[in-house]
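# Coordinates in review
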Amino acid sequence: MKLNVQWLKEILPAIPANNKLCDKLTSIGLEVADFKQTRSGSVIDLDITPNRADCLSVYGVARDLSAAYKKRLLKPKTDVLKLKNSADVVKAVNKLISPHYTCLQIKDINNKIKTPLTIKNRLTSCGITSINLIVDILNYVMLELGQPFHAFNEECLDGKLNVRLSKKNETINGLNDKKYILEKNTPVITDNSNIHAIAGIIGSKDSSVTTSAKNIIIECAYFTPQLIRSASKSYRVQTDSSYRFERGVDPLQHQYVLSRVMYLIKKYTTYKSVNMFNFIDKKLKAYKKNKIHFDVKQVDRILGQNISISEIKNIFKFLGFDTRSLKNQMVVNIPSYRFDIENEYDLIEEIARIIGYDEFTPQMPSSGYLNKDVKKDIDYSNKLSSSLVFRGYNEIKSYSF
C-alpha cells in the first residue's frame, strides 16, 4: 500500500523525518518496501500483512503510529449525517453477502467541477488515476479511512438495487472494458434487468458515473470477505476495493465514512437532496465488542520485561482498545476493525511491537545447568561458536527479535 507522508502528517502532525519514520513503521510491524520522492511529496510503500486490514488506510497507519509516538490523532472533518431510512433506493439485500449495506441517493449533483489539485495529486501518488470529482472523492476517502465505495448512475438503472447471488451465465460489462460471464452464486448488485457490479470487486460500465451524471447512488457496504476472496480469484480480477473487502473492513463505520464523503461533496460541489437506505443484520446491529480478560502478570512472564499497568493502558488507549480493571485482571474491549485480536497473547504482541523489540533488555533464560562461577574475562561465546564451526556447523546472525 502506498502512503503519502504529507497526508499522514495532516492526521498525525508529530511524526519525525522520513528515515526515522520508515524505521518506526518497520519496527511496529508495518514493513517499508520502498520510499520515493514525487511531485506530490514523499511516498512510502508498505507491505501490509493479510491480518492487518485495519492499516490499509492513512488513518489506520496513523493510529498505530500514534501509539508508538504517544501522540493524539486529528480526525478528518465530517458533515452531520442524520437522514431517515428510505425504501426508494434498494429492493432487497442478501444478508449472507452483505450484513451491512448503506446507500446515499443524491439528486441533481454537479459532477462537472474539476477535482481539486490536492485530492488529484494524492490519488496519483498512491497509484490511483483521477476520473471525475465524485469518483475521486470516493477513492480519496477509501485511501484515507479504509472503506471502499461504489457509485451508480441512477439514470442508467431500471428500478431499485438488489444485492443477491448470480444465476449461471449472467453477464456484466466491467469498468475495465471486459465482459464477464458469471458462474452461479457470485455476489452481485443488480436492478430489475441487468447486473451493475460484482459485489465489492468491479462495477459495470453501463451505470458508471461520468461528468454528465446528475442523479447518483453511493454504495457503502460490508461484504463477507470469503465471498469476495472467492469471486476475485474466480474471475482473476483484483481492485483496490476487493483488496480491502477480502481482508475485512470495519462493518460498523458506515455513518462516519459517509459523513466524511458528504463533507467533501458539500465542500467542492452542489446538489439538491440526499436520501439514505440502510440495512443492517440483527446480529451485527446487536454487536458487542469482543472482551478479553487479560492477566497483566503474563506480560512479564512472556516478554521478560516489567511493563507498568499505566503504560499498557496507554498503549491500548491509543490503539482504540477500551480497558477497565477487574481485581488482578484487565478487561480489554476489542474494536470492530481489529479482526486479528483473539486472545491475551495477541494483546501481549501488541504491547511488544508498540514498545519495540529493540527496546527490550536481552536476558539469558534461567537454567540449572549454567555454571554460576563463570569467569567474566573469558569470551566463552567465541570459544563455543568456534567449536561448533569446527564440527561442521554454519554460523548466522539474524535480526535481534
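Attention here is on the structure that accompanies the text. The model shown is predicted, which means the values in this text are computed figures rather than measured ones.

Rules and cut-offs
- Residues numbered from 1 in each chain as written.
- Predicted model: local features only at pLDDT ≥ 70, side-chain atom pairs only at ≥ 80, totals over all residues.
- Heavy atoms only, no water.
- Phe/Tyr/Trp six-rings, centres within 6.5 Å; stacked < 30°, edge-to-face > 60°.
- Helix = DSSP H or I, 4+ residues; strand = E, 2+ residues; numbered from the N terminus.
- Buried < 20%, exposed > 50% of the residue type's maximum accessible area, 1.4 Å probe, protein only.
- Axes fitted to C-alpha atoms, helices over the stretch in contact; angles between N-to-C directions.
- Parallel < 35°, antiparallel > 145°, perpendicular 65-115°, else oblique.
- Left-handed = near helix turned anticlockwise from the far one by under 90°.
- Contact = heavy atoms within 4.5 Å.
- Pairing = 2+ DSSP bridges.
- Polar contact = N/O pair within 3.5 Å; in protein donor to acceptor, adjacent residues only side chain to side chain.

## Here we look at the packing of aromatic side chains
Using the criterion set out here, one finds seven aromatic pairs in the structure. Look at phenylalanine 223 and phenylalanine 245: their rings are 5.1 Å apart centre to centre, the planes differ by 75°, and that puts the pair in the edge-to-face class. Taken as a pair, phenylalanine 223 in the loop between strand S13 (216-222) and helix H6 (225-234) and phenylalanine 245 in helix H7 (residues 240-245) lie far apart in primary sequence, 22 residues in all. Summarising the burial analysis for this pair, phenylalanine 223 and phenylalanine 245 share the class buried. Taken together, Tyr101, Phe223 and Phe245 form an aromatic cluster joined through their ring pairs.

## A look at unusual backbone geometry
A positive phi is found at aspartate 108, a non-glycine position, where the angle reads about 55°. We classify aspartate 108 as partly exposed; its relative accessible area is 43%. The backbone of arginine 236 shows a phi angle near 50°, a positive value even though the residue is not glycine. One can find arginine 236 in the loop between H6 and H7. Note on arginine 236: relative accessible area 80%, which makes it exposed.

## Things to note about the packing of helix H5 (residues 133-145) against helix H8 (residues 254-268)
Two numbers describe how H5 lies on H8: the axes approach to 10 Å, and their chain directions differ by 140°. The orientation of H5 relative to H8 falls into the category oblique. Considering the relative orientation of H5 and H8, their crossing is right-handed. Judged by residue contacts, Leu133, Ile134, Ile137, Leu138, Tyr140, Val141, Glu144 and Leu145 of H5 engage Tyr256, Val257, Arg260, Val261, Leu264, Ile265 and Tyr268 from H8.

## Brief notes about the sheet that holds strand S14 (residues 273-280)
Strand order in the open sheet formed by four strands is S6-S13-S5-S14, with antiparallel pairing between adjacent strands. Every other strand in the sheet has two partners, leaving strand S6 (149-153) and S14 as the edge strands with one partner each. Strand after strand, the sheet turns through a mean of 20° between neighbouring axes, direction not considered. In this structure, S6 lies alongside S13, joined through five bridges in antiparallel fashion. Residue alanine 151 lies in a different strand from S13, and its bridge partner there is isoleucine 218. On top of the sheet, H5 reaches S6 and S13; it is set at about 165° to S6, its chief contact.

## So, the side chain of glutamate 154
One can find glutamate 154 in the loop between S6 and strand S7 (161-165). Among the polar contacts made by the side chain of glutamate 154, one reaches the side chain of lysine 107 at a distance of 3.3 Å. Once residues within four sequence positions are removed from consideration, glutamate 154 is found in contact with Gln105, Lys107, Asn215, Ile216 and Ile217.

Everything listed is a geometric property; what it means functionally is a separate question.
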